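Spelled out, the chains give:
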Amino acid sequence: MSYPKQRILPLPKDQWTDASREVQAFWGEPNAWEEGSRTSILPVMANNPPLGQVFNIWGKHLLMENTLSARVLEIIILRVAVKVNSAYEWHNHVGYGMNAGLTLEDIAAIRDYPAGGAWDELEGAVLGSVEELIRDGTISDATWAVLA
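Scope of this entry: the structure provided in the associated data block. (Residues numbered from 1 in each chain as written. Predicted model: local features only at pLDDT ≥ 70, side-chain atom pairs only at ≥ 80, totals over all residues. Heavy atoms only, no water.)

1. A look at helix H1 (residues 18-25)
Turning to H1, its buried residues number three or more, namely Ser20, Arg21, Val23 and Gln24. Angularly, the buried residues of H1 cover 155 degrees about the axis, an arc narrow enough to put them on a single face. Residues of H1 that are buried in the fold lie against helix H2 (32-35), helix H3 (42-45) and helix H4 (49-64). (Buried < 20%, exposed > 50% of the residue type's maximum accessible area, 1.4 Å probe, protein only. Helix = DSSP H or I, 4+ residues; strand = E, 2+ residues; numbered from the N terminus. Arc of directions from axis to C-beta. Contact = heavy atoms within 4.5 Å.)

2. Things to note about the environment of leucine 127
With respect to the helices and strands, the residue leucine 127 is situated in helix H8 (residues 121-136). Residue contacts for leucine 127: discarding those within four places in its chain leaves Ile75, Arg79, Ile110, Tyr113 and Trp119.

3. A look at H8
Taking 1.5 Å per residue as the helical rise, H8 with its 16 residues ought to reach 22 Å, and the 21 Å between its terminal C-alpha atoms agrees with that figure. Here H8 has its buried residues at Glu123, Ala125, Val126, Leu127, Gly128, Ser129, Val130, Glu131 and Glu132. Of the residues flanking the end of H8, it is glycine 137, one or two places downstream, whose phi is positive at about 80 degrees. (Expected span 1.5 Å × (residues − 1).)

4. Section: unusual backbone geometry
The amide bond that connects tyrosine 113 to the next residue, proline 114, takes the cis arrangement and shows omega of 15 degrees. Located in the positive-phi region is asparagine 31, a residue other than glycine, with phi close to 65 degrees. Structurally, asparagine 31 can be placed in the loop between H1 and H2.

5. Focus: a nonpolar patch on the surface
The grouping of Trp27, Trp58, Leu62, Leu63 and Met64 at the surface amounts to a nonpolar patch, some 530 Å² of accessible area in total. If you trace the backbone, leucine 63 turns up in helix H4. (Patch = residues over 30% accessible without salt bridge, like charges linked within 9 Å, V, L, I, M, F, W, Y side chains within 5 Å. Areas by Shrake-Rupley, 256 points an atom, 1.4 Å probe, with all protein chains shown as cover. Salt bridge = Lys/Arg side-chain N within 4 Å of Asp/Glu carboxyl O.)

6. Regarding the packing of aromatic side chains
Applying the stated criterion across every chain, the model contains two aromatic pairs. Taken together, a centroid distance of 5.3 Å and an interplanar angle of 75 degrees make the contact between phenylalanine 26 and tryptophan 27 edge-to-face. (Phe/Tyr/Trp six-rings, centres within 6.5 Å; stacked < 30°, edge-to-face > 60°.)

7. Some points on the packing of helix H5 (residues 70-83) against H8
A pair of packed helices is captured by two measures, namely the crossing angle of their axes and the spacing between those axes. Across the interface, H5 lies against H8 with an axial gap of 10 Å and an inter-helix angle of 35 degrees. H5 and H8 meet at a crossing whose hand is right-handed. Contacts between H5 and H8 involve Arg71, Val72, Ile75, Ile76, Arg79, Val80 and Lys83 from the former and Leu122, Glu123, Val126, Leu127, Val130, Glu131 and Ile134 from the latter. Looking at the contact of H5 with H8, its residues break down into nine nonpolar, no polar and five charged. (Axes fitted to C-alpha atoms, helices over the stretch in contact; angles between N-to-C directions. Left-handed = near helix turned anticlockwise from the far one by under 90°. Nonpolar A, V, L, I, M, F, W, Y, C, P; charged D, E, K, R; others polar.)

8. What about the environment of alanine 81?
Mapped onto the elements, alanine 81 comes out in helix H5. With relative accessibility at 4%, the residue alanine 81 sits in the buried group. Taking C-alpha positions, alanine 81 is 9.1 Å from histidine 91, a pair spaced 10 residues apart along the chain. Among all residues touching alanine 81, those that are not within four sequence positions of it are Ser86, Glu89 and Trp90.

9. With respect to the layout of surface pockets
The calculated volume of the largest pocket comes to roughly 1,600 Å³. For the largest pocket, the lining is made up of 40 residues, of which Ser40, Ile41, Tyr88, Glu89 and His93 are closest to its centre. Counting only elements with at least two residues in the lining of the largest pocket, the list comes to H3, H4, H5 and helix H6 (87-99). Looking at the lining of the largest pocket element by element, the count peaks at eight residues for H4. By volume, the second largest pocket amounts to about 330 Å³. (1 Å grid on protein atoms, 1.4 Å probe; cavity = no way out; pocket = protein on both sides within 12 Å on 5 of 7 lines; lining within 4 Å. Points joined across faces, edges and corners; volume = space filled by probe spheres on them.)

This is the structure:
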């Protein structure tokens, strides 16, 4: 997997403020206040602490305060990770997906979608919605009818 040139680099440690440390420590990673976050995005978001805090609040809502089941959420995250070639998200969410009830066969089917997988109607629509959003920038009426 090749990566494009990173345009905005993580905030250098000698420029950290309490506000930038709060951005990096928001999710409770061990030693994040002292050493910075090990994620790929939070050290970059630390460049703009007000934006980083809002980003964290939004992310927490998406991940923890929504109406999706953990299984459906992980199906979405894993499929998006495949579509955008995010090794970081894939690596972290395979384990979360297994904790949410996905099997290794399910995870392989998410990677290989649309081939394989024994998806029910909702899970098939969820996977299809990821494809449609990334390809077309919208969700078709048929897919939306199932999701609704």
